[in-house]
Structure formats: C-alpha cells, structure tokens
Amino acid sequence: MTTWSVPRRPCRAFGLLLLVILSFLVLRRYLLLKPRSCDHEVTQRLDWHHMLSPWRRRRQSGLHTQGQNFMLEDSTFWIFGGSVHYFRVPKAYWRDRLLKMKACGLNTLTTYVPWNLHEPQRGTFDFSGNLDLEAFVLMAAEIGLWVVLRPGPYICSEIDLGGLPSWLLQDSGMRLRTTYKGFTEAVDLYFDHLMSRVVPLQYKHGGPIIAVQVENEYGSYNKDPAYLPYIKKAFEDRGIVELLLTSDNKEGLSKGTVEGVLATINLQSQHELESLSTFLSSVQGVQPKMVMEYWTGWFDSWGGPHNILDSSDVLKTVSAIIDAGSSINLYMFHGGTNFGFINGAMHFHEYKSDVTSYDYDAVLTEAGDYTAKYTKLRELFGSISDGPLPAPPELLPKTVYEPLKPALYLSLWDALQFLGEPTKSEKPINMENLPINNGSGQSFGYTLYETTIDSSGVLSGLVRDRGQVFVNTASVGFLDYERRKIVIPLIQGYTVLRILVENRGRVNYGDTIDDQRKGLIGNIYLNNSPLRNFRIYSLDMKKSFFKRLSSSAWSPLPEAPTLPAFFLGALSVDFSPLDTFMKLEGWEKGVAFVNGQNLGRYWDIGPQETLYLPGAWLDQGINQVGAPVALSLSQDPLPLPALPGVSVFLAGRQEALLLSVKPGSGSMG
C-alpha cells in the first residue's frame with residue numbers, strides 16, 4: 001500500500017520563525033507600555049500575567065474544598081500561614097521578613113489591606129512606596145509563598161477605626177459596616193479601584209492569591225444581616241474568583257457566617273479549639289477546618305502591662321491545632337510597628353489606646369529578629385515538611401549611636417504664624433469635619449482650638465481624646481474621658497483660651513466605631529455658657545505641615561523653652577546606617593520623626609520604652625530627626641540617650657521635629 005509522506009522540516013522551521021517574530025512583537029509591546037500611575041507615584045510594570053508560561057495560565061480549580069480537605073487543583077493542601085502587614089514594615093525589609101517566613105516552614109502569607117491608608121482623602125488613592133500592595137504580593141510569589149488576602153473593608157488589626165477612613169464620619173448619620181447607603185457607596189468606589197489591582201494577582205490568573213476573606217469578625221458586630229452578602233457580591237461582581245472565607249472569634253462565630261463562604265475561627269487557647277470546631281461542623285457540615293488567627297501574642301496599651309505568651313504554650317497549641325486536622329495562620333508571624341498615628345484603641349469600660357510598637361510578642365520581633373517561638377515552630381513545621389527547609393537569613397545588624405541633644409527650638413505658639421489662616425467657626429468643629437484636605441477633614445494628629453474669654457470659672461465639654469487647656473500660653477490642665485471639667489483661674493480682661501487636642505487613636509473593635517469623631521465634640525462651656533468664635537488649626541504633622549515652618553523662625557535651644565514646642569537635633573552617621581532604637585529618656589510624651597518619617601508616639605507611662613528606628617530610613621552622613629514630645633526638665637536640658645543619627649533643620653526643609661510640654665502642668669505633644 002502506498003504511503004504518503006508530507007515533508008515537515010521546512011514547515012517546522014517556518015513555524016518556529018513565526019513564533020520567534022510573534023514573541024518579539026509581544027515583548028516589544030509590553031516594554032513600550034506607558035507606565036501606570038497613581039496619585040503619589042508613577043511606576044512602570046510589565047503585564048506579567050500575560051507573559052506567564054502557558055502551564056500557569058491553565059490553572060483551573062484553584063484552592064477549593066473536598067470533604068474535610070483543602071485541595072489545590074488535584075492535590076491535598078494544608079495552609080500553614082503567617083501574618084505580616086506590609087504597611088507596618090519598611091518596604092526595604094519586606095524580603096527579609098518573607099524569607100524568614102519561608103525558612104520557618106510556612107507556605108502562605110496573610111495580610112490585611114487598610115482602606116484608611118490607601119484612600120486618605122475621598123477619591124484619592126495611594127498604593128505607592130510602603131503601601132505598594134501589588135509589589136508585596138508579587139514578592140511573596142517570588143519567594144514561594146501563597147497569599148490569603150484580607151481586604152476588609154473593615155480589618156480591625158489594631159489600626160485606627162479598624163482601617164476605615166475617618167472621612168466617613170463626616171456624615172452624622174453614618175452607620176459603618178452596614179448597608180447604609182453612605183457607607184456602601186464609599187465601599188463600592190474603593191473596591192472598584194482596589195479590585196482592579198487585586199484581580200490579576202489571583203491564582204486563576206497566574207498570581208499567588210489563593211483565597212480572599214470577606215470582611216473581618218463580623219459576627220461580633222452583626223448589625224445588618226444584609227451586609228456580609230453585600231460584601232460577598234461586591235467581591236464577585238468585581239472579578240474575585242478564588243475561595244472566599246470569613247473569620248470570627250468565639251463571641252461572633254454563630255453570627256458571622258454567610259452562605260457560600262467557608263467559615264474559619266480565631267483563637268489563642270487550646271481549650272477553645274474543640275468547641276469551636278464542633279460548632280463549625282454543625283453549621284457547615286464536613287468542611288476543612290482553618291484557624292485563621294492563632295494569636296501568637298497580644299498587643300499592648302499605653303499604661304498597661306507588656307503582654308507575653310510563653311513559647312512552650314505556643315508550640316503546644318499550634319501542635320494541637322495541626323493534630324486536629326486544621327490548617328493554621330499565625331497572627332502575628334511578624335507584627336512590625338504602628339508608624340505615624342495609625343494605632344487603634346479599645347473602649348469598653350475605659351478608653352485605652354494602643355502603643356506604637358506592634359511587636360505583639362510574635363514569632364519575629366518588631367525589628368525582625370528571631371525568638372524562641374521561631375526556633376520551636378521551625379522545628380515543628382520542618383518535621384512535617386516534604387523536604388528540608390531553607391536556611392534562615394542572617395539577622396540584620398543593629399547598632400547604638402551616640403547620645404544626642406537637640407540644638408534648635410520653635411515654640412508652638414510662634415509656629416502658628418507659619419501655618420496659614422486657621423479655620424474660623426462660630427462653634428467648635430470636630431477633626432473629621434474641618435473644611436481641609438479637599439473636603440476630607442483631618443484624620444490624624446492634633447487640633448488646636450482658640451477663642452477669647454473675659455472671665456474665670458469652670459470649663460466643661462466633651463474632648464476626644466486628650467485636650468491640654470491653656471490660658472494664653474500657660475497650661476492649666478487637661479480635659480479627657482475622665483476629666484470633663486477644669487477650673488479656669490482668675491484672669492483680667494480679654495484672654496485667649498486654647499485647647500490642644502490629641503487624637504490618640506480611634507477605636508478599632510466593638511460597637512462604638514460610629515462614635516469615633518475626634519477633637520472638640522459639640523459645644524465647650526464656660527460656666528455653662530457655650531463659647532463661640534473659634535480659630536481652629538489643623539496640626540496633622542504631615543510633611544506638608546512642616547514645610548510651612550520657616551527656617552528663620554528657629555532659634556538655639558534656651559534653658560527654659562516655652563512649651564509645647566518643636567525641637568531639632570543633629571548627628572552624623574559615618575558608616576552604613578543600621579537599625580537601632582530611640583530611647584527618649586526624660587521626655588514625657590510625644591512623637592518622633594526621622595528624615596520625614598514619623599516613627600510614632602512615645603509616652604513615659606509605658607509599657608513601651610523605645611521607638612524602633614529602621615536603618616533603612618537613615619542616610620550615611622547627616623539625617624534629620626525631631627519629634628513632638630513631652631519634656632521633663634528635671635535633667636540636663638533635653639538629653640536623649642542613645643538617640644540615633646539626626647540632623648539640624650536645613651533651610652527650606654523641615655521634615656522632623658519634637659513638640660514638648662512641661663511636666664506637672666501636663667504633657668502633650
């Protein structure tokens with residue numbers, strides 16, 4: 001029988017040539033793409049999804065459930081996760097923290113997404129620098145970690161207002177975390193922007209995101225049964241196709257589930273595991289078990305104890321969770337720092353604001369160092385790993401710099417002339433409703449209220465959170481949650497009354513989040529008569545605030561400075577900068593800045609005694625450092641032992657300061 005043979009070699013060569021030409025044209029097209037932009041940074045990115053190899057684009061089923069198991073495609077999958085929040089870690093250290101996670105034997109990164117930081121003003125989005133969510137997720141993929149994303153919109157996370165933007169509270173009828181129209185309209189606009197970034201990062205699009213959490217611990221809030229279904233639909237309508245999860249603690253688990261979404265649990269003690277797992281089985285039948293938050297430690301509040309959890313207890317509980325057949329996420333693997341003013345607060349019986357450090361007594365320390373928990377958990381996860389674990393990265397070196405004394409000084413009262421026209425109002429206006437920041441009000445920092453009085457008497461009113469009262473420039477005391485009244489001493493003639501109010505952090509958990517407006521709330525009264533005609537200064541301590549301060553206004557530090565005040569010091573770093581901690585010994589309360597970076601608050605009531613200063617934020621040579629702080633004059637003028645490299649104020653630039661007030665009269669800064 002005759003057989004026909006078609007010559008193939010020329011066709012193969014021709015096809016190969018066409019493939020090479022086509023590949024060149026596609027690559028050239030991507031390389032010539034215009035860079036994407038956001039409001040704060042323009043970055044050029046290749047459309048990496050379409051350039052992935054075909055086998056990655058053929059992902060089909062993703063992470064799903066099959067009986068009591070998670071499955072990734074056709075293979076049984078265990079989630080061994082750890083939480084790291086990109087917004088609490090300097091971007092330069094992201095890789096270090098994620099490599100340490102991988103070396104500990106974990107396979108999944110979990111992170112929250114803070115709406116309040118990404119949309120600081122209504123309609124203005126920031127995903128640049130330390131807020132570059134996409135870069136963080138892609139770095140996790142590069143290192144070999146899957147990602148569980150927790151985009152809220154509410155995240156708790158011990159962050160101001162649980163991650164919700166404060167401008168939502170401009171609406172006096174606002175009902176957060178419900179289907180109230182004013183809230184859902186804002187959520188929809190935010191999700192339109194956020195999900196356009198998240199969708200390409202999903203597993204089925206070639207990315208590392210294998211699951212997405214719907215809201216956060218809603219069962220303990222539970223004010224609107226239509227809310228969780230709305231959030232679920234909002235995700236799906238915008239292209240979220242991966243496995244959806246909820247997470248709840250024991251108080252909210254019975255009310256936090258939603259149809260079509262896998263429920264997970266949050267806990268710390270081993271004895272909770274069995275009862276919560278039993279309840280999950282009764283609600284959703286045979287499904288994989290997941291502890292979304294195993295709390296490896298706890299956060300601290302100002303004036304309270306430093307919370308610790310023994311490493312042996314952690315090991316026992318993690319072992320028990322895994323032995324029970326449950327996947328687990330370590331919250332936190334690395335806590336990081338509440339840089340700036342982002343810390344949250346609790347208010348049940350009394351108001352307690354969170355400290356700057358988010359060390360959390362986690363698996364890694366605030367500075368990324370190893371702990372006994374890391375060593376024990378690495379041994380545990382290594383014993384159940386399919387192969388040897390990567391070697392843990394070397395620790396980042398630390399150093400101690402020479403003590404520093406500030407050299408320049410500017411009283412707050414002298415600084416006001418450089419801040420522009422204040423807001424003038426017949427009645428007090430709370431922070432969120434000030435007509436500034438393109439109509440979005442003030443989110444963080446301090447607000448100064450001034451008016452004129454002509455008599456002494458009893459001053460009373462609602463101040464959130466802490467208001468230092470001045471008659472002219474003399475401090476006469478405080479108004480806060482405990483002190484609602486203060487005596488104004490005898491004065492002569494017309495006198496300026498000033499109230500400097502600090503937002504110490506909005507509550508991030510509980511039923512009171514709708515009531516987290518800051519500043520003077522309603523009228524302030526003198527002898528039961530409401531005061532009128534206020535001048536209101538926004539002291540938000542952003543870089544733009546400091547740039548308004550004139551270099552000619554600063555003077556050498558006097559022996560007895562008028563307080564509150566700003567202070568600047570100088571220190572040269574002669575070698576490659578390293579991590580350190582700033583100890584403000586003798587200073588009472590305030591905020592520290594280095595090279596324009598807000599390191600966060602400090603307060604001598606503890607338990608936190610130092611501020612973490614990343615070496616990545618220092619420069620070899622001269623660095624700018626300062627802070628709004630509370631000052632003790634009991635020691636040699638303004639000693640700052642072990643305060644690292646800082647620089648004096650340079651003409652035309654003011655990016656760091658210290659604001660101080662006297663002890664005894666009460667400190668604020």
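Here, residues in each chain are numbered from 1, in the same order as that chain's written sequence. pLDDT decides what is reported in this predicted model: residues at 70 or higher carry local features, side-chain atom pairs at 80 or more are listed and counted, and totals for whole chains, interfaces and linings draw on all residues regardless. Hydrogens are left out, water is left out, and the side-chain values use all remaining heavy atoms of the structure.

Asks: What is the right way to look at the packing of helix H6 (residues 181–198) against helix H7 (residues 227–237) in this model?
Replies: Packed helices, taken two at a time, are described by the angle between their axes plus the distance between the axes. With axes taken as lines fitted to C-alpha atoms, and helix axes fitted only over the stretch in contact, angles between N-to-C directions fall between 0 and 180 degrees. A run of DSSP states H or I qualifies as a helix once it reaches four residues; a run of E qualifies as a strand once it reaches two. Both are numbered from the N-terminal end. Packing of H6 against H7 brings their axes to within 10 Å, and their N-to-C directions diverge by 30°. When the axes of H6 and H7 are compared, the pair comes out roughly parallel. Judged by the twist between their axes, the crossing of H6 over H7 is right-handed. Here Phe 183, Thr 184, Val 187, Asp 188, Phe 191 and Met 195 of H6 lie close against H7, whose contacting residues are Tyr 227, Tyr 230, Ile 231, Ala 234 and Phe 235. Angle categories are assigned with fixed cut-offs, so that under 35 degrees is roughly parallel, over 145 is roughly antiparallel, 65 to 115 is roughly perpendicular, and the rest are oblique. Whether a crossing is left-handed or right-handed is set by the direction in which the near helix is turned from the far one by less than a right angle, anticlockwise for left-handed and clockwise for right-handed. The contact rule is simple, with two residues in contact once any of their heavy atoms fall within 4.5 Å.

Asks: Is there a simple way to think about H6 in this case?
Replies: Because the α-helix completes a turn every 3.6 residues, residues three or four places apart line up on one side. End to end, H6 covers 25 Å across 18 residues, agreeing with the expected 26 Å (1.5 Å per residue, within 8%). Axes are fitted to the seven residues ending at a residue and to the seven starting at it; the angle between these axes is taken as the bend at that residue. For H6, the principal kink sits at Asp 192 and spans about 25°. Expected span of a helix, by definition, is 1.5 Å for each gap between consecutive residues, and there is one gap fewer than residues.

Asks: Help me understand the pattern of salt bridges, please; the structure alone is not making it clear to me.
Replies: Pairing between side chains of opposite charge can happen when their charged atoms approach one another. We define a salt bridge as a contact between a side-chain nitrogen of Lys or Arg and a carboxyl oxygen of Asp or Glu at a distance within 4 Å. For the structure shown, the criterion picks out 27 salt bridges. One salt bridge connects Lys 398 with Asp 369, and the closest N-O pair in it is separated by 2.8 Å. Residue Lys 398 is found in the loop between helix H10 (372–383) and strand E16 (408–411), and its partner Asp 369 is found in the loop between strand E15 (351–353) and H10; the two are separated by 29 residues along the sequence. Burial classes follow relative accessibility: with a 1.4 Å probe on protein chains only, a residue under 20% of its type's maximum area counts as buried, one over 50% as exposed, and anything between as partly exposed. In this structure Lys 398 comes out as partly exposed when scored by relative accessible area, which is 31%. Note that Lys 542 and Asp 540 form a salt bridge whose closest N and O atoms lie 3.7 Å from each other. A relative accessible area of 37% places Lys 542 in the partly exposed class. Here the salt bridges share partners, and the residues they tie into one network are Asp 96, Arg 97 and Lys 100.

Asks: Is there a simple way to think about the side chain of Lys 518 in this case?
Replies: Residue placement: Lys 518 occurs in the loop between strand E23 (495–502) and strand E24 (519–526). Exposure remark for Lys 518: the relative accessible area of 1% places this residue in the buried category. Residues adjacent in sequence count toward polar contacts only when both atoms are side-chain atoms; beyond that, a polar contact is any pair of N or O atoms within 3.5 Å, and within protein one must be able to donate a hydrogen and the other to accept it. A polar contact is formed between the side chain of Lys 518 and the backbone oxygen of Gly 505, at a distance of 3.5 Å. Aside from chain neighbours lying at most four places away, what touches Lys 518 is Tyr 351, Asn 430, Met 431, Glu 432, Arg 464, Asp 465, Tyr 481, Asn 503, Gly 505 and Arg 506.

Asks: For this particular structure, what's the right way to read the confidence of the model for the protein chain?
Replies: Caution applies to low-pLDDT parts of the model: their predicted coordinates are not meant to be read in detail. For the protein chain, per-residue confidence averages 86 on the pLDDT scale, and residues scoring 70 or more make up 85% of the total. Each residue carries a pLDDT score, the predictor's confidence in it, ranging from 0 to 100. Low confidence marks residues 1–55, where pLDDT is under 50. Its contacts with residues over four positions away, or in another chain, come to 44 contacts.

Asks: Just checking my understanding: could you explain the layout of surface pockets for this structure?
Replies: Remark: the empty space left among the atoms is shown by a probe the size of a water molecule rolled over them. Cavities and pockets were defined on a 1 Å grid built over protein atoms only: a cavity is a set of grid points that admits a 1.4 Å probe from which the probe cannot escape, a pocket is an open set flanked by protein on both sides within 12 Å along at least five of seven lines, and lining residues are those with an atom within 4 Å of any such point. Grid points are joined across faces, edges and corners, and a volume is the space filled by probe spheres set on the points. In this structure, the largest pocket spans a volume of roughly 1300 Å³. When contributions to the lining of the largest pocket are tallied by element, the ones reaching two or more residues are helix H4 (115–118), helix H12 (543–547) and strand E32 (597–603). Amino acid classes used here: Ala, Val, Leu, Ile, Met, Phe, Trp, Tyr, Cys and Pro are nonpolar; Asp, Glu, Lys and Arg are charged; the rest, including Gly, are polar. Residues belonging to the lining of the largest pocket are distributed by class as follows: 15 nonpolar, 16 polar and seven charged. Considering only enclosed or pocket space, the second largest pocket measures out at about 560 Å³ in volume. If you trace the second largest pocket, you find 25 residues lining it, with Phe 77, Lys 102, Gly 105, Asn 107 and Asp 386 closest to the centre. When grouped by side-chain class, the residues that make up the lining of the second largest pocket number 14 nonpolar, seven polar and four charged.

Asks: Sorry if this is basic, but what is going on with the packing of helix H3 (residues 94–103) against helix H5 (residues 133–143) here?
Replies: Remark: H3 packs on H5, axes separated minimally by 10 Å, with the N-to-C direction vectors making an angle of 40°. Relative to H5, H3 is oriented oblique. Crossing angle aside, the handedness with which H3 passes H5 is right-handed. Along its contact with H3, which presents Trp 94, Arg 95, Leu 98, Leu 99 and Lys 102, the element H5 presents Ala 135, Phe 136, Met 139, Ala 140, Glu 142 and Ile 143.

Asks: Sorry if this is basic, but what is going on with the sheet that holds strand E8 (residues 146–150) here?
Replies: Backbone hydrogen bonds hold the strands of a sheet together, and the pairing may be parallel or antiparallel. Here, any two strands with at least 2 DSSP bridges between them count as paired. Pairing is parallel in the closed barrel, where eight strands are placed in the order E6-E7-E8-E9-E10-E11-E12-E13. In this sheet, neighbouring strand axes are inclined to one another by 30° on average, regardless of whether the strands run parallel or antiparallel. One ladder, built from four bridges, connects strand E10 (residues 243–248) with strand E11 (residues 262–267); its direction is parallel. Bridging from a neighbouring strand, Leu 245 pairs with Leu 262 of E11.

Asks: Looking at this structure, how should I read the environment of Leu 194?
Replies: Following the sequence through the fold, Leu 194 ends up in helix H6. What makes Leu 194 buried here is its relative accessible area of 0%. Put simply, Leu 194 and His 118 are 76 residues apart on the chain and 8.9 Å apart in space, counted from C-alpha to C-alpha. Setting aside anything within four residues of it in sequence, one finds Leu 194 in contact with Val 113, Phe 127, Leu 133 and Pro 151.

Asks: Would you explain the sheet that holds strand E3 (residues 63–66) in this entry?
Replies: Spatially, the three strands line up as an open sheet ordered E3-E4-E5, and their pairing is antiparallel. The sheet is open, and its two edges are formed by E3 and strand E5 (75–77), each paired on a single side. On average, each strand axis in the sheet is tilted by 50° relative to the strand beside it, whichever way the strands run. With three bridges connecting them, strand E4 (residues 69–72) and E5 associate as antiparallel partners. Across the sheet, Leu 72 pairs through a bridge with Ser 75, a residue of E5.

Asks: So what exactly am I meant to see when it comes to the nonpolar core here?
Replies: One recurring pattern in soluble globular proteins is that nonpolar side chains are buried together. Formed by 127 residues in total, the largest nonpolar core has its most connected members in Phe 183, Tyr 294, Val 318, Leu 330 and Phe 333. Looking at which element gives the most residues to this core, the answer is H6, with eight residues. The residues touching Phe 333, leaving out its near neighbours within four places in the chain, are Gly 82, Ser 83, Val 84, Arg 97, Lys 100, Met 101, Cys 104, Leu 106, Ala 362, Val 363, Leu 364 and Tyr 374. Take the buried Ala, Val, Leu, Ile, Met, Phe, Trp, Tyr and Cys residues and link them wherever side-chain atoms come within 4.5 Å; each set so joined is a nonpolar core. Counting residues in hydrophobic clusters, the runner-up holds 24 residues, among them Tyr 537, Phe 546, Phe 566 and Phe 593.

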